Amino acid sequence: MIDALEPFRIELTGYCYRMLGSGFEAEDAVQETLVRAWKAYDSYDPSRASLRTWLYRIATNICIDMQRSAQRRALAVDLGPSGGEIGAPLPERLFVQPVPDAVVLPEDLAIRRETVRLAFVAALQHLPARQRAVLILRDVLAWQAAEVAALLDISVAAVNSALQRARASLRDVDPGEPLDPADPVQKSLLSRYCEAFERHDVRTLVALLHEDATMSMPPFSWWLRGREAISLALSDPNASCDGAWLVPVEANGSPAYWQMRPGMEQPFGLVFLDVRGGLVTATTTYLNVGELLPLFGAPMSSGRPSRTTVDD
């Protein structure tokens, strides 16, 4: 029976991650889903629902229960105005957390990589839990309205209404666009960014930013907007990245890199880049590396390369 449930683990983890905004919580939710399914398997009636639908119903209820008492996870840009003092680090539970691609992305072209982008997952957290489930099931996983209605025990009309409201809300909070790994313009941009970062060439780094780009460093709520503010931060000798380099990592279907520094055995941070219109629109550097390594594992290569490039 366990063999029948295990093939659903990755897609369920991706679903729960979009619902919860945390890789660790998603893994906990999926483990609880499989345990409940195992205990109730004798009562499962395949004539009433497919095994997949039955598992998603259990997972949805678990995710909704987990969110009832939790504060909405967010990105730093959602937590307050830009600028000011860095302040003290905030609890992990306040932030949308990154996740390895291998944990949440099955080898299925129907599952769009952009739907695990940090900004998209953060935008989902603005939706009420049931609207969130409807949008993920309909627009991400391509379920039929009748299937979603049966899973949530609501009418097809209610599903369609919830989907319309969810789509409208999402447009307001996530104007981003998907990254195309094969796009030569985007590949060139990422390569130039990584090379400039390794040289600590602040002028070039800033030139590759959108004029309204943001920079943030969870677990701090502090963040910056605009080339000028980011340039000043990157040029500050007390917070210099001089000597650091980037090692690619597959995470959140996005350009992501471990930031390595001389003399450090583990990464300094996990860096994400958002790209739009041929420019970098946001950099998010997670500094809670000690909490992330159990999920991601150590970088496969931590030595400084002779030249940083972006893999095909």
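Refer to the structure printed above.
Residues numbered from 1 in each chain as written. Predicted model: local features only at pLDDT ≥ 70, side-chain atom pairs only at ≥ 80, totals over all residues. Heavy atoms only, no water.

## Some details on the side chain of Gln259
Assignment of secondary structure puts Gln259 in strand β4 (residues 256-260). A relative accessible area of 3% places Gln259 in the buried class. Residues contacting Gln259, with those up to four places away along its chain left out, are Phe197, Cys241, Ala244, Trp245, Leu246, Pro267, Phe268, Gly269, Val271 and Thr285. (Helix = DSSP H or I, 4+ residues; strand = E, 2+ residues; numbered from the N terminus. Buried < 20%, exposed > 50% of the residue type's maximum accessible area, 1.4 Å probe, protein only. Contact = heavy atoms within 4.5 Å.)

## Thoughts on helix α9 (residues 156-173)
Taking 1.5 Å as the rise per residue, α9 with 18 residues should run 26 Å; its terminal C-alpha atoms sit 26 Å apart, in good agreement. Listed as buried for α9 are Val159, Ala162, Leu163, Ala166 and Leu170. For α9, the buried positions fall inside an angular range of 105 degrees around the axis, keeping them on one side. Every exposed residue of α9 that faces more than 90 degrees away from the buried side is listed here: Ala157, Gln164, Arg171 and Asp172. Residues of α9 that are buried in the fold lie against α6 (118-124), α7 (129-140) and α8 (145-152). (Expected span 1.5 Å × (residues − 1). Arc of directions from axis to C-beta.)

## Remarks on unusual backbone geometry
A cis geometry characterises the amide bond from Pro218 onward to Pro219, with omega recorded as 15 degrees. Looking at the element boundaries, Pro219 is found in the loop between β1 (209-216) and β2 (223-225). Even without a glycine there, the phi angle at Asp153 is positive, about 60 degrees. If you trace the backbone, Asp153 turns up in the loop between α8 and α9. Even without being glycine, Asn252 reaches a positive phi, approximately 55 degrees.

## Some thoughts on the environment of Gly269
Position of Gly269 relative to the elements: it lies in strand β5 (residues 269-276). Sequence-wise, Gly269 and Trp258 are 11 residues apart; in three dimensions their C-alpha atoms are separated by 5.9 Å.

## Remarks on the pattern of salt bridges
One pass over the structure, following the stated rule, counts 9 salt bridges. Between Asp139 and Arg167 there is a salt bridge whose closest N-O contact spans 2.8 Å. Residue Asp139 is found in helix α7, and its partner Arg167 is found in helix α9; the two are separated by 28 residues along the sequence. Its relative accessible area of 24% is what places Asp139 among the partly exposed residues. If you follow the salt bridges from partner to partner, you end up with Glu25, Arg73 and Glu92 in one network. (Salt bridge = Lys/Arg side-chain N within 4 Å of Asp/Glu carboxyl O.)

## A short note on the sheet that holds β4
With respect to topology, 6 strands assemble into an open sheet ordered β2-β1-β6-β5-β4-β3, the strand pairing being mixed. The open sheet is flanked by β2 and β3 (245-248), the only strands paired with a single partner. Looking at each pair of strands side by side, their axes are set apart by 20 degrees on average, direction ignored. Pairing of β4 with β5, which is carried by 4 bridges, proceeds in the antiparallel orientation. Residue pairing in the sheet places Trp258 in a bridge with Leu270 of β5. Running at roughly 140 degrees to β5, helix α10 (residues 184-199) makes contact with β1, β3, β4, β5 and β6 (279-286) of the sheet. Sheet strands touched by helix α13 (residues 289-296): β4, β5 and β6. Its angle to β5, the strand with the most contacts, is close to 80 degrees. (Pairing = 2+ DSSP bridges. Axes fitted to C-alpha atoms, helices over the stretch in contact; angles between N-to-C directions.)

## Looking at the environment of Glu228
Checked against the element boundaries, Glu228 lands in helix α12 (residues 227-235). By relative accessible area, Glu228 is classed as exposed at 65%. Considering only alpha carbons, one finds Glu228 and Asp212, 16 residues apart in sequence, at a separation of 9.6 Å.

## Some thoughts on the nonpolar core
Counting residues in each nonpolar core, the largest one holds 71 residues, and the members touching the most others are Tyr15, Cys16, Tyr17 and Trp258. At 9 residues, the largest contribution of residues to this core is made by helix α4 (residues 51-67). Ignoring sequence-local partners within four residues, the contact set of Tyr17 consists of Ser22, Gly23, Ala26, Val96, Gln97, Pro98, Val99, Val104, Val116, Leu118, Val121 and Asn252. With 27 residues, the next largest nonpolar core counts Cys194, Ala213, Leu224 and Val275 among its residues. (Core = buried A, V, L, I, M, F, W, Y, C linked by side-chain atoms within 4.5 Å.)

## Things to note about the pairing of β5
Across the 8 residues of β5, 6 count as buried, placing the element largely inside the fold. If you look at the hairpin formed by β5 and β6, you'll find 2 residues sitting between the two strands, and Gly277 has a positive phi there, around 60 degrees.

## Some thoughts on the state of the cysteines
Counting across every chain of the model gives 0 disulfides. Looking at Cys194, it has no disulfide partner, and the nearest cysteine sulfur is the one in Cys241, 13 Å off. Taking the relative accessible area as the measure of exposure, Cys194 reaches 1% and is therefore buried. (Disulfide = S-S within 2.5 Å.)

## Concerning the packing of α8 against α9
Orientation of α8 relative to α9, taken along the N-to-C sense of each, is 105 degrees, at an axis distance of 8 Å. With respect to each other, α8 and α9 are oriented roughly perpendicular. On the side of α8, the interface is formed by Ala145, Ala146, Val148 and Ala149, while α9 contributes Val156, Val159 and Asn160. Among the residues forming the contact of α8 with α9, the class breakdown is 6 nonpolar, 1 polar and no charged. (Parallel < 35°, antiparallel > 145°, perpendicular 65-115°, else oblique. Nonpolar A, V, L, I, M, F, W, Y, C, P; charged D, E, K, R; others polar.)

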